[in-house]
Amino acid sequence: QVQLVESGGGLVQAGGSLRLSCAASGSFSGNNVMGWYRQAPGKQRELVAVRTSGGSAHYADSAKGRFTVSRDNAKNTVYLQMNSLKPEDTAVYYCNLVELAPYSEFWGQGTQVTVSS
């Protein structure tokens, strides 16, 4: 059973920074994608940023230039450095892990990020 445990959320003023961490435990393929999604009240969950085990990254347009997704494969941990935060970044941020072959998907419990204006 794969478990994803997030940390690092909180309350920050607009323009500030936060760093989210997500540690994965259990048995899963080394060929995977780890990253972050978010869900604001009344909205659908959306991709923020993901990084493959091979190192490629993909960002939502809203995250480009402000957020950086990184991972430590030895620690099975993915990070999201968020800079220049805006009130519209307020959401519950979810860690996600996808095994590519065979396909499996896992989610963390979510961590709240609140950006005040």
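Reading guide: rules and limits
Residues numbered from 1 in each chain as written. Predicted model: local features only at pLDDT ≥ 70, side-chain atom pairs only at ≥ 80, totals over all residues. Heavy atoms only, no water. Helix = DSSP H or I, 4+ residues; strand = E, 2+ residues; numbered from the N terminus. Rg over C-alpha atoms; globule rule 2.2 N^0.38 Å. Buried < 20%, exposed > 50% of the residue type's maximum accessible area, 1.4 Å probe, protein only. Contact = heavy atoms within 4.5 Å. Areas by Shrake-Rupley, 256 points an atom, 1.4 Å probe, with all protein chains shown as cover. Lys, Arg positive; Asp, Glu negative; His and termini not counted. Charge placed at Lys NZ, Arg CZ, Asp CG, Glu CD. Pairing = 2+ DSSP bridges. Axes fitted to C-alpha atoms, helices over the stretch in contact; angles between N-to-C directions. Core = buried A, V, L, I, M, F, W, Y, C linked by side-chain atoms within 4.5 Å. Phe/Tyr/Trp six-rings, centres within 6.5 Å; stacked < 30°, edge-to-face > 60°.

Participant: Please clarify how the overall build of the protein chain should be interpreted in this entry.
Facilitator: When helices and strands are tallied, the protein chain shows zero helices and eleven strands. In the protein chain, the succession of helices and strands from N to C terminus is β-β-β-β-β-β-β-β-β-β-β. For 117 residues, the compact-globule estimate of 2.2 N^0.38 gives 13 Å, and the protein chain sits close to it at 14 Å. Among the 117 residues that make up the protein chain, the fraction classed as buried is 42%. Contacts in the protein chain between residues at least 24 apart in sequence constitute 51% of all its contacts with a sequence separation of at least 6. Surface summary for the protein chain: the accessible area is close to 6000 Å², and the carbon and sulfur share equals 48%. Seen as two clouds, the 10 positive and the 8 negative side-chain charges of the protein chain have centres 5 Å apart.

Participant: Quick question: what am I supposed to make of the sheet that holds strand S1 (residues 3-7) here?
Facilitator: Backbone hydrogen bonds are what pair the strands of a sheet, in a parallel or an antiparallel way. One open sheet holds the four strands; their spatial order is S1-S3-S8-S7, and the pairing between them is antiparallel. On the outer flanks of this sheet lie S1 and strand S7 (67-72), each paired with one strand and no other. Recorded for the sheet is a direction-independent mean angle of 15 degrees between the axes of neighbouring strands. When S1 meets strand S3 (residues 18-25), the two strands line up antiparallel, connected through five bridges. Its bridge partner being in S3, glutamine 3 is matched across the sheet by serine 25.

Participant: For this particular structure, what's the right way to read unusual backbone geometry?
Facilitator: Leaving glycine out, the prevailing phi sign among residues is negative, and the prevailing peptide bond configuration is trans. For the peptide bond that leads from alanine 101 to proline 102, omega is -10 degrees, which places it in the cis range. In the Ramachandran plot, asparagine 76 falls in the positive-phi region, its phi being about 50 degrees despite a non-glycine side chain. Within the fold, asparagine 76 resides in the loop between S7 and strand S8 (77-82). Phi at serine 84 takes a positive value of approximately 50 degrees, unusual for a residue other than glycine. Here serine 84 is to be found in the loop between S8 and strand S9 (91-100). Exposure remark for serine 84: the relative accessible area of 40% places this residue in the partly exposed category.

Participant: Whenever I open this one, the nonpolar core confuses me. Can you help?
Facilitator: The tendency in soluble globular proteins is for nonpolar side chains to be buried as a group. In terms of nonpolar packing, the biggest core is built from 27 residues, with Leu4, Trp36, Val48, Phe67, Leu80, Met82 and Tyr93 touching the most fellow members. Secondary-structure elements contributing two or more residues to this core are S3, strand S4 (32-39), strand S5 (46-52), S7, S8, S9 and strand S11 (111-116).

Participant: Would you mind going over the packing of aromatic side chains with me for this structure?
Facilitator: Any pair of aromatic rings gets described here by the distance separating the centres and the angle formed by the planes. Across all of its chains, the model carries two aromatic pairs by this definition. For the pair tyrosine 37 and tryptophan 107, a centre-to-centre distance of 5.1 Å together with 70 degrees between the ring planes defines the contact as edge-to-face. In this pair, tyrosine 37 is assigned in strand S4 and tryptophan 107 in strand S10 (residues 103-107), connecting sequence segments 70 residues apart. On the basis of an interplanar angle of 90 degrees and a centroid distance of 6.5 Å, the ring pair of tyrosine 94 and tryptophan 107 is categorised as edge-to-face. Here the residue tyrosine 94 occupies a position in strand S9, and tryptophan 107 occupies one in strand S10, the gap between them amounting to 13 residues.

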